[in-house]
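# Observations on chain architecture
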Amino acid sequence: MDEIISEIFTAPILVRALIVGVLVSLCASLLGVSLVLKRYSMIGDGLSHVGFGALAVATVMNLAPMAVAIPVVILAAFLLLRLSSSGKIKGDAAIALISTSALAIGVMAVSMSRGMNIDINSYLFGSIISVSKGDVITSVVLTSAVLVMFILFYTKIFAITFDESFAKATGIRVDLYNMLIALLTAVTIVIGMRLMGSMLISSLIIFPALCSMRVFKSFRSVTLCSAAISVAAFIMGMIISYAADTPCGASIVCVNIAFFAVFSAIGAIRGRVRA
């Protein structure tokens with residue numbers, strides 16, 4: 001085990017993946033608490049499909065994938081909020097509409113790209129070797145911005161998470177902060193897709209929040225526990241992936257599943273003791 005950990009921290013490719021993964025896991029877990037409580041958890045899945053479509057089209061057109069995907073996913077996030085708030089299309093229907101459309105466009109773009117060597121599996125399920133030095137720099141800058149904005153607007157995010165009507169009555173611009181959450185989520189998803197893939201990135205948003213909610217009740221405790229679980233699950237999943245030669249994204253999700261089972265059991269035991 002010590003040799004495996006030593007190799008992970010010395011191999012440049014694995015170090016890059018570790019840096020990006022820890023930062024993305026941290027951002028996703030913090031935002032995930034609000035998204036799950038607001039019942040917007042599936043927005044991560046929808047935006048990841050949009051990101052896949054954008055990355056695929058950008059690759060086919062020989063454009064910078066991240067430069068194309070980030071603004072496209074941000075626009076999709078704002079569009080989802082607008083459709084949900086207008087009431088003409090319900091939230092889950094809007095997510096399904098946009099996500100399936102983007103996924104189909106991405107698959108069509110890849111299938112029509114003749115003569116190009118495009119590994120669609122790396123977009124769908126992630127790949128450690130796809131993380132470049134440029135991705136690390138971009139990830140550090142963007143995830144740092146996400147963390148700073150989350151900390152600065154923590155009280156506002158807390159208010160709109162639990163009671164939008166009361167927050168609006170106290171003068172908080174609810175629509176603005178909902179857009180901020182959507183913006184931060186979109187950026188986090190695009191960064192994490194290179195490592196986790198479009199099919200699995202939403203797990204970083206959902207699982208840590210659900211795990212911590214099984215044991216803790218206050219928003220701050222749930223948020224801190226969610227961050228710790230997410231980072232620990234990523235590191236453990238990466239070690240398992242390297243040791244057992246399994247897909248990194250799937251290994252991380254399996255560790256999250258194990259955490260969920262453990263925290264659910266702890267929550268059930270505590271509930272019986274109190275009863």
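First, a word on scope: everything that follows refers to the structure included in this document.

Conventions we followed
Residues numbered from 1 in each chain as written. Predicted model: local features only at pLDDT ≥ 70, side-chain atom pairs only at ≥ 80, totals over all residues. Heavy atoms only, no water. Helix = DSSP H or I, 4+ residues; strand = E, 2+ residues; numbered from the N terminus. Rg over C-alpha atoms; globule rule 2.2 N^0.38 Å. Expected span 1.5 Å × (residues − 1). Bend = angle between axes of the 7 residues up to and from the residue. Core = buried A, V, L, I, M, F, W, Y, C linked by side-chain atoms within 4.5 Å. Buried < 20%, exposed > 50% of the residue type's maximum accessible area, 1.4 Å probe, protein only. Contact = heavy atoms within 4.5 Å. Disulfide = S-S within 2.5 Å. Polar contact = N/O pair within 3.5 Å; in protein donor to acceptor, adjacent residues only side chain to side chain. Phe/Tyr/Trp six-rings, centres within 6.5 Å; stacked < 30°, edge-to-face > 60°. Salt bridge = Lys/Arg side-chain N within 4 Å of Asp/Glu carboxyl O. Axes fitted to C-alpha atoms, helices over the stretch in contact; angles between N-to-C directions. Left-handed = near helix turned anticlockwise from the far one by under 90°.

## As for the overall build of the protein chain
From N to C terminus, the protein chain includes 13 helices and zero strands. Scanning the protein chain from its N terminus toward the C terminus, one meets helices and strands in the order α-α-α-α-α-α-α-α-α-α-α-α-α. Taking 275 residues into account, the globule formula puts the C-alpha radius of gyration at 19 Å, and the protein chain, at 19 Å, falls close to it. Here the C-alpha coordinates of the protein chain stretch approximately 60 × 50 × 30 Å along the principal axes.

## A word on helix H10 (residues 174-196)
The end-to-end C-alpha distance of H10 is 31 Å, a good match for the 33 Å that 23 residues give at a rise of 1.5 Å each. At Val190, H10 shows its maximal kink, close to 25°. A positive phi of about 90° marks Gly197, the residue just after H10.

## Considerations on the nonpolar core
Membership of the largest hydrophobic core comes to 66 residues, with the highest contact counts inside it found for Leu47, Leu80, Ile160, Met196, Ile201 and Leu204. Looking at this core element by element, the count peaks at 14 residues for H10. In contact with Ile160, not counting residues within four places along its chain, are Lys38, Ala167, Ile172, Val174, Tyr177, Asn178 and Ile181. Listed in part, the eight residues of the second largest apolar core include Val215, Cys225, Ala233 and Val255.

## Side note on the state of the cysteines
Structurally, a disulfide amounts to a covalent bond that connects the sulfur atoms of two cysteines. Counted under the stated rule, the structure contains zero disulfides. With no disulfide of its own, Cys27 lies closest to Cys248 among cysteine sulfurs, the gap being 17 Å. Taking relative accessible area as the criterion, Cys27 reaches 1% and is therefore assigned buried. Note on Cys248: no disulfide assigned, nearest cysteine sulfur contributed by Cys254 at a separation of 11 Å.

## Things to note about the environment of Thr223
Its place among the elements puts Thr223 in helix H12 (residues 219-244). As a C-alpha pair, Thr223 and Leu31 span 192 residues in sequence and 8.7 Å in three-dimensional space. Excluding its chain neighbours within four sequence positions, the residues that come into contact with Thr223 are Leu30, Val33 and Phe150. Side-chain polar atoms of Thr223 contact the backbone oxygen of Phe219, separated by 2.7 Å.

## Here we look at the environment of Ser226
Here Ser226 shows up in helix H12. Classification of Ser226 by relative accessible area gives buried; the value is 0%. Along the chain, Ser226 and Ser29 lie 197 residues apart, while their C-alpha atoms are 5.6 Å from each other. With residues up to four places along the chain from it excluded, the contact list for Ser226 reads Ser29, Val33, Pro208, Ala209 and Ser212.

## Side note on the packing of aromatic side chains
The final tally for this structure, using the stated rule, is eight aromatic pairs. Note on Phe158 and Phe162: the rings are 5.1 Å apart at their centroids and 55° apart in plane angle, and the pair reads as tilted. With Phe158 and Phe162 both in helix H8 (residues 154-162) and four residues apart, the pair spans about one turn of that helix. For Phe158, a relative accessible area of 38% puts it in the partly exposed group. One aromatic cluster is present, formed by Phe150, Tyr154, Phe158, Phe162 and Phe219 through successive ring pairs.

## Some points on the pattern of salt bridges
Evaluated as defined, the whole model comprises one salt bridge. The salt bridge involving Lys38 is made with Glu164; its shortest N-O contact spans 2.6 Å. With Lys38 in the loop between helix H2 (12-37) and helix H3 (43-60) and Glu164 in helix H9 (residues 164-169), the pair connects residues that are 126 residues apart, well separated along the chain. For Lys38, a relative accessible area of 12% gives the class buried.

## Details of the side chain of Ser202
Here Ser202 is to be found in the loop between H10 and helix H11 (203-213). By relative accessible area, Ser202 is classed as buried at 8%. Once residues lying within four places of it in the same chain are set aside, the contact partners of Ser202 are Gly44 and Asp45.

## Considerations on the packing of H2 against H10
At a closest axis distance of 9 Å, the pairing of H2 and H10 adopts a crossing angle of 145°. Every pair of crossing elements has a handedness; the one defined by H2 and H10 is left-handed. Here Ala17, Val20, Gly21, Val24, Cys27, Ala28, Leu31, Ser34 and Leu35 of H2 come into contact with H10, specifically with Ile181, Leu184, Thr185, Thr188, Ile191, Gly192 and Leu195.

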